[in-house]
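One letter stands for each residue in the lines below.
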Amino acid sequence: MPTSTRSSGGGPATSALLSGRTAVVVLAVILIADFMELLDATIVSVAAPAIAQDLGAGEAALQWVLAGYTLAVGAGLITGGRIGDQFGRRRVFLLGLAAFTLASAGCGLAPNPGVLVATRVVQGLAGGLMIPQVFGIIRASFEPAARAKALGAYGAVLGLASVAGPLLGGVLVEADLFGLGWRAIFWVNVPIAIVGLVLGARFMPESRVPGDTRLDLPGAALAAASAVLLLLPLVQGRDWGWPWWGFVILALSVPVAALFLVRQRRLVARGEQPILDPALLRVRAFAGGLSASLLFFGALGSYFLLLSLYLQLGTGRTALETGLVILPYAIGSIITSGIGVQFADRAGRALLMSGALVLAASQVVLLLVVRDGAAPSYWTLAAPLFLGGLGLGLTAPSLINVVLAGVPAKDAGAAGGVLTTVTQVGNALGVAVLGVAFFTRLAGSFSEGATSLLAYGDAFATILPWQIACYLAAAALMLLLPRRANAPHE
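Residues numbered from 1 in each chain as written. Predicted model: local features only at pLDDT ≥ 70, side-chain atom pairs only at ≥ 80, totals over all residues. Heavy atoms only, no water.

Structural notes on the side chain of serine 445
Its location among the elements puts serine 445 in helix H16 (residues 412–447). When residues no more than four places from it in sequence are discounted, the contact partners of serine 445 are Ala450, Ala455 and Asp458. (Helix = DSSP H or I, 4+ residues; strand = E, 2+ residues; numbered from the N terminus. Contact = heavy atoms within 4.5 Å.)

Here we look at unusual backbone geometry
The phi angle of most residues is negative, glycine excepted, and most peptide bonds adopt the trans form. Positive phi outside glycine occurs at aspartate 176, with the angle close to 50°. By secondary structure assignment, the location of aspartate 176 is in the loop between helix H6 (144–175) and helix H7 (184–187). Located in the positive-phi region is phenylalanine 178, a residue other than glycine, with phi close to 55°. With respect to the helices and strands, the residue phenylalanine 178 is situated in the loop between H6 and H7.

Observations concerning the packing of helix H9 (residues 217–240) against helix H10 (residues 244–269)
The contact between H9 and H10 brings their axes to 8 Å, and the two run at 165°. By the angle class used here, H9 and H10 are roughly antiparallel. The hand of the H9/H10 crossing is left-handed. Residue-level inspection shows Pro218, Gly219, Leu222, Ala223, Ala225, Ser226, Leu229, Leu230, Pro233, Leu234 and Trp240 of H9 in contact with H10, the latter providing Trp245, Gly246, Ile249, Leu250, Leu252, Ser253, Val256, Ala257, Leu259, Phe260, Arg263 and Gln264. For the contact of H9 with H10, the residue count by class is 17 nonpolar, five polar and one charged. (Axes fitted to C-alpha atoms, helices over the stretch in contact; angles between N-to-C directions. Parallel < 35°, antiparallel > 145°, perpendicular 65-115°, else oblique. Left-handed = near helix turned anticlockwise from the far one by under 90°. Nonpolar A, V, L, I, M, F, W, Y, C, P; charged D, E, K, R; others polar.)

A look at a nonpolar patch on the surface
On the surface, Trp240, Trp244, Trp245, Val248 and Leu252 cluster together into a nonpolar patch covering about 530 Å² of accessible area. By secondary structure assignment, the location of tryptophan 244 is in helix H10. (Patch = residues over 30% accessible without salt bridge, like charges linked within 9 Å, V, L, I, M, F, W, Y side chains within 5 Å. Areas by Shrake-Rupley, 256 points an atom, 1.4 Å probe, with all protein chains shown as cover. Salt bridge = Lys/Arg side-chain N within 4 Å of Asp/Glu carboxyl O.)

Comments concerning the side chain of serine 45
Within the secondary structure, serine 45 sits in helix H1 (residues 20–55). The buried category is assigned to serine 45, whose relative accessible area is 6%. (Buried < 20%, exposed > 50% of the residue type's maximum accessible area, 1.4 Å probe, protein only.)

As for helix H4 (residues 113–130)
The first and last C-alpha atoms of H4 sit 25 Å apart over 18 residues, in line with the 26 Å expected at 1.5 Å per residue. By the burial criterion, the buried members of H4 are Pro113, Leu116, Val117, Thr119, Arg120, Gln123, Gly124, Ala126, Gly127, Gly128, Leu129 and Met130. Capping the start of H4 is the job of one residue whose side-chain oxygen sits 3.1 Å from the backbone nitrogen of glycine 114: asparagine 112. (Expected span 1.5 Å × (residues − 1). Polar contact = N/O pair within 3.5 Å; in protein donor to acceptor, adjacent residues only side chain to side chain.)

Notes on the environment of tryptophan 466
Assignment of secondary structure puts tryptophan 466 in helix H17 (residues 452–477). The class of tryptophan 466 is exposed, set by a relative accessible area of 55%. Between the C-alpha atom of tryptophan 466 and that of leucine 434, which follows or precedes it by 32 residues, the distance is 8.0 Å.

Remarks on the packing of H4 against helix H5 (residues 132–141)
Remark: H4 packs on H5, axes separated minimally by 4 Å, with the N-to-C direction vectors making an angle of 20°. Regarding the angle of H4 to H5, the classification is roughly parallel. Residues Gly127, Gly128, Leu129 and Met130 of H4 form the contact with H5, whose participating residues are Pro132, Gln133 and Val134.

And the structure:
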């Protein structure tokens, strides 16, 4: 379960500072909302086999259930922070939470894979609108001492969500509450979100950035369109039979991305605020950080979906047993995430590289386990998964801060937003590319008469070397980053 890296720009804000019970209630509301969004990014992986069986969802649909959500979150993050700055963070946060609630109910009611994918995209867009307001509300509404505690609580929520995702998913699917089966993973959001809406409307103060914060909606549309043109043929290619026009769609992502950069340059030339200042791409730390993040989260994005398919459909484990197998990974990430954050100011680059290398090593061990051909025991799997969690905790929570240390202070907000969006796109791209490799090999193994254990094991073993290569390449690119998170921009 990826430890999310989130950032939000914005300048001075107008708001009354909170204290006492009101501050506690407001903090609880925004952290619960953030917890739900993070949970829904991971909880689906364990429920994927049950979704496929109940709805008859094919391989591409399962990929879109994950990739559509993460891509939509990334698209929402592009403009979500600025929408809150302009129209009021409280208003936009509550609007996003309401939309997230309705979309969760839509996911729970989905009669077929198409509706589920569509409602997951809406859910992701709502999350992308809601989450950027969290940092803005904390900065604008809490005194400095309380603000530090609030950000510490936010970090704890990230760790808790990483543990709760696979485990809660397994519990809810196995419990079959009210006969809902896998649908309970979405319905559980609804009553919690309604309470959050009521409390937020009652206690949360409004805050916004004074002055003009004009949105670059055409630029956001071009960025989103480029990502969709890239992912659509990759995910759907096998179902389409790899037609020539699919490659045309894939190729179109390049000129659309170029149009996006041209528009950003023109906005800068006119003195307006772009989504991405192209000059940032000439900053070594930022360019290296973008590339490293894309590879790192690309390797991570599909990992838990494909691992869950291997564990449940290959080794015959239940959803709950699968969640328990993945639990050591989450525990490992919690153990080292605090270390990573604490020492990022002194040895940020070294910690990031160490984390990526530890993750690569964990995948090597897991590859040896899977290639054995037998159904692995709990502890045989727990060891490399725990090792992988240790690596993730060293890297993911501190990545943005270390990268931004090499970016001019005036561009830190915009750079953080773009970097956060790239992590989401990397997740979606990983689901698309590695998912295709997994399902292609799976079909080939079944056609050769392999058993489910051997077929799923062979397919999972196919993607692990690619993930190892991504982590190693990301570690190499991290050499371009500043040595520590508080390093002045050079």
